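Residue-level listing of the chains:
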Amino acid sequence: MYKNLTHLLYSIRRSTVYLLLVVASFCLWYYTTDIEIMFGNYGKLHTYTDMALSGIMILGFPLFLIALFYKSWKYWKRADINWKTSTGIIWWVIGTIISGASCCGATLAASFGLLPLMSFLPYSWLEIKIIGSIWLLYALRDILMNLETCKIKK
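Scoring rules and cut-offs
Residues numbered from 1 in each chain as written. Predicted model: local features only at pLDDT ≥ 70, side-chain atom pairs only at ≥ 80, totals over all residues. Heavy atoms only, no water. Phe/Tyr/Trp six-rings, centres within 6.5 Å; stacked < 30°, edge-to-face > 60°. Buried < 20%, exposed > 50% of the residue type's maximum accessible area, 1.4 Å probe, protein only. Salt bridge = Lys/Arg side-chain N within 4 Å of Asp/Glu carboxyl O. Helix = DSSP H or I, 4+ residues; strand = E, 2+ residues; numbered from the N terminus. Contact = heavy atoms within 4.5 Å. Core = buried A, V, L, I, M, F, W, Y, C linked by side-chain atoms within 4.5 Å. Expected span 1.5 Å × (residues − 1). Arc of directions from axis to C-beta. Polar contact = N/O pair within 3.5 Å; in protein donor to acceptor, adjacent residues only side chain to side chain. Patch = residues over 30% accessible without salt bridge, like charges linked within 9 Å, V, L, I, M, F, W, Y side chains within 5 Å. Areas by Shrake-Rupley, 256 points an atom, 1.4 Å probe, with all protein chains shown as cover.

### Details of the packing of aromatic side chains
The geometry of an aromatic ring pair is captured by the separation of the ring centres together with the interplanar angle, meaning the angle of the planes. A complete count under the given rule lists six aromatic pairs for this structure. Measuring from ring centre to ring centre gives 5.2 Å for Phe 39 and Tyr 48, while their planes differ by 75°; the resulting arrangement is edge-to-face. Look at Phe 39 and you get partly exposed, because its relative accessible area is 28%. Three or more aromatic residues joined by ring pairs form one cluster here, namely Phe 26, Trp 29, Tyr 30 and Tyr 31.

So this is what it looks like as structure tokens:
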């Protein structure tokens, strides 16, 4: 897995795209998240956990995208886009956009009619972000382990 990761980021172009995606994701997170309000509303443990999970997504999802595009480009139509890839993308969307603190995700949750669910969950959707981070790490691990492998279904 480490060998595939270094091979993936060895290219100047892919490394530059990865860094740009990480910086863009961090800036988007930083400018849309009011950390002081989170500390005031939820406390230190909840806020630090949320920040750590956001860091996993900020660093992990661009790497997942780079690996997915690399594998798709290398194997063209034969790329192994399966349920693990789909769950990685779906859980990233859920974990990054829909979840988060109620002070940040309330507007988007209201658009989807999920606002009542926000009060139902005891940790204000931190549970969804944990599940999303775990699935993203699982999908990232799988795509990095099989980066140079193409499984063709017969």
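Back to the write-up after that little detour.
### A word on the pattern of salt bridges
Under the definition given, this model contains one salt bridge. Asp 50 is the partner of Lys 129 in a salt bridge, and the nearest nitrogen-oxygen pair spans 3.5 Å. One end of the pair, Lys 129, is in helix α8 (residues 126-145); the other, Asp 50, is in helix α4 (residues 44-75), and 79 residues separate them in sequence. Asp 50 matches Lys 129 in its accessibility class, with the two residues each being buried.

### Side note on the environment of Leu 121
As for its placement among the helices and strands, Leu 121 is situated in the loop between α7 (115-120) and α8. Aside from chain neighbours lying at most four places away, what touches Leu 121 is Glu 127 and Ile 128.

### What to know about the nonpolar core
The biggest cluster of nonpolar side chains holds 19 residues, and the ones touching the most others in it are Leu 8, Leu 63, Phe 64, Ala 67, Leu 140, Ile 143 and Leu 144. Sort the elements by how many residues they give to this core and α4 lands first, with nine residues. Sequence-distant contacts of Leu 144, that is, excluding residues within four places in its chain, are made with Met 1, Asn 4, Leu 5, Leu 8, Leu 63 and Ala 67.

### Comments concerning the environment of Leu 144
Summarising the element assignment, Leu 144 is placed in helix α8. When the C-alpha positions of Leu 144 and Met 1 are compared, they lie 5.6 Å apart, and in sequence the two are 143 residues distant.

### Quick word on helix α2 (residues 12-32)
With 21 residues, α2 should reach 30 Å at 1.5 Å per residue; the first-to-last C-alpha distance of 30 Å fits that figure. Every buried residue of α2 is listed here: Tyr 18, Val 22 and Trp 29. Buried positions in α2, seen along its axis, are confined to an arc of 35° and lie on one side of it. α2 presents Ile 12, Arg 13, Leu 20, Leu 28 and Tyr 31 as exposed residues on the side facing more than 90 degrees away from its buried surface. For α2, the side-chain oxygen to backbone nitrogen distance between the N-cap and Arg 13 is 3.3 Å, and the N-cap itself is Ser 11.

### Details of a nonpolar patch on the surface
A grouping of Phe 26, Tyr 30 and Tyr 31 is seen on the molecular surface, where their side chains present a nonpolar patch of about 390 Å² in accessible area. Inspection of the secondary structure assignment puts Tyr 30 in helix α2. A relative accessible area of 45% places Tyr 30 in the partly exposed class.

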